[in-house]
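Breakdown of the fold
Spelled out, the chains give:
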Amino acid sequence: MTQLPLCLCRNRFCQGGLEEKLALVKKGVSFLTSLAPAATFTIIVLLTYFTYQLMEYNVLSTCVVYFFSIELFGNWILFLYNKSFIDKSAGNSELCSGLTHDAVRQLRYCPTCKIYKPERSHHCSVCDRCVHQRDHHCFFLGTCVGGYNLCYFILFCFYACLGCMYACGRLHGYYSAKYLRAFFSREFIYYFYPVTLIFWLLGKAELPEVGWVTLLYMSAATVAFTAFCVCQQLVFLLHGQTAYEYNKGLLMVHRSAFNNFIHVFGRYWYLHILFPFPRKRVPTDPRSFLKIV
């Protein structure tokens, strides 16, 4: 009798050793995390499509939809393109030929990547690479946030927050008018997705209503999450810290808040905010591996 794939995976997991079980768990977690960017893309497409359907058809509404779409996908593409990985060819000791023997001994060596890594860089177990000025690994966008793509991450979250706020307003107006459920009334309980789903199972709500509440729930949750990310990153940025350094209580650079802002967003920061285009990337000087600020 042919066994189901789930049964085969369960039997293999139970029969394997500790190392095999850990490897299977790691593969399972890696597979689940790889689905997060696809989920993010799906949410953006759904909210954009249904928000556009609820808007008045005019030039302004069309421009608004295209503007937010360009900002979101443009900054996402730049975020992925400008990965903050440390080049593995930088692991050769010849790069540090200008340093003294005592200075070379101070270099930070990564045994996994087999490279010398600069200050403020750390190894990411998910990406399996050393990341320049690593802040954190973003599962929703698919790679690490570091010194070279931090500005695109902040701008993506900023426009995701604004776009979802606009979508949330449109969805709330349509839902409250169609189903006569004002938020500040006895019907406010229907705005909570788990409750609406239970009411649908009990026959007290329609399936389309569950769909609209799901979209409203996703847009409101995205607003809260992205607003938190933007505020948190701006606090770290103005202090000249990454999330790792903030949690460890480290302050590696000593610049003014304005210079820290310019260091991340560039001299023409206002153009980056209005339209997504790549920043000029400054190559890393190997002699600065002792301390990169």
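Note that the structure is predicted; figures quoted are calculated from it, not measured.

Mapped onto the fold, Gln241 is located in the loop between helix H8 (207–239) and helix H9 (243–248). A polar side-chain atom of Gln241 sits 2.5 Å from the main-chain carbonyl oxygen of Leu250. When neighbours within four sequence positions are excluded, Gln241 is seen to be in contact with Arg120, Phe236, Tyr246, Leu250 and Leu251.

The sites that UniProt annotates as "transmembrane region" (unreviewed entry) are residues 31–52, 59–81, 147–168, 188–203 and 215–238. Its end C-alpha atoms 34 Å apart, residues 215–238 is made of 100% helix and 0% strand.

So, about the environment of Tyr174. Position of Tyr174 relative to the elements: it lies in helix H6 (residues 150–179). Distance in space between the C-alpha atoms of Tyr174 and Leu54 is 7.5 Å, their sequence separation being 120 residues. Discounting chain neighbours no more than four positions away, the residues touching Tyr174 are Leu54 and Trp212.

With that settled, the discussion passes to the state of the cysteines. Throughout this description, disulfide means a covalent bond between two cysteine sulfur atoms. Tallied over the entire structure, the rule returns zero disulfides. Left unpaired, Cys144 is separated from the closest cysteine sulfur, that of Cys124, by 3.2 Å.

A few words now on the side chain of Asn260. Among the structural elements, Asn260 can be located in helix H10 (residues 257–265). Residues in contact with Asn260, not counting those within four places in the same chain, are Leu237, Leu238, His239, Gly240, Val253 and Arg255.

Among all residues save glycine, negative phi is the norm, and among peptide bonds the norm is trans. Phi angles above zero are rare outside glycine, and Asp128 is one such case at about 60°. Exposure remark for Asp128: the relative accessible area of 42% places this residue in the partly exposed category. The residue Gln133 is not glycine, and still its phi comes out positive at about 50°. Mapped onto the secondary structure, Gln133 falls in the loop between strand S4 (129–131) and strand S5 (136–138).

As for its position among the elements, Arg279 is in the segment after helix H11 (269–274). For the pair Arg279 and Leu78, spaced 201 residues apart in sequence, the C-alpha separation works out to 9.3 Å. Contacts of Arg279, omitting those with residues within four sequence positions, involve Cys151, Tyr152, His263, Val264, Phe265, Gly266 and His272.

Attention now moves to the packing of aromatic side chains. The tally for this structure, following the rule as stated, stands at 19 aromatic pairs. Taken together, a centroid distance of 5.6 Å and an interplanar angle of 75° make the contact between Phe50 and Trp212 edge-to-face. Placement of Phe50 in helix H3 (residues 36–54) and of Trp212 in helix H8 is noted, with a sequence separation of 162 residues between them. Overall, Phe50 belongs to the partly exposed group, its relative accessible area being 26%.

What counts as what
- Residues numbered from 1 in each chain as written.
- Predicted model: local features only at pLDDT ≥ 70, side-chain atom pairs only at ≥ 80, totals over all residues.
- Heavy atoms only, no water.
- Helix = DSSP H or I, 4+ residues; strand = E, 2+ residues; numbered from the N terminus.
- Polar contact = N/O pair within 3.5 Å; in protein donor to acceptor, adjacent residues only side chain to side chain.
- Contact = heavy atoms within 4.5 Å.
- UniProt positions renumbered as here; feature names shortened; annotations may be inferred.
- Disulfide = S-S within 2.5 Å.
- Buried < 20%, exposed > 50% of the residue type's maximum accessible area, 1.4 Å probe, protein only.
- Phe/Tyr/Trp six-rings, centres within 6.5 Å; stacked < 30°, edge-to-face > 60°.

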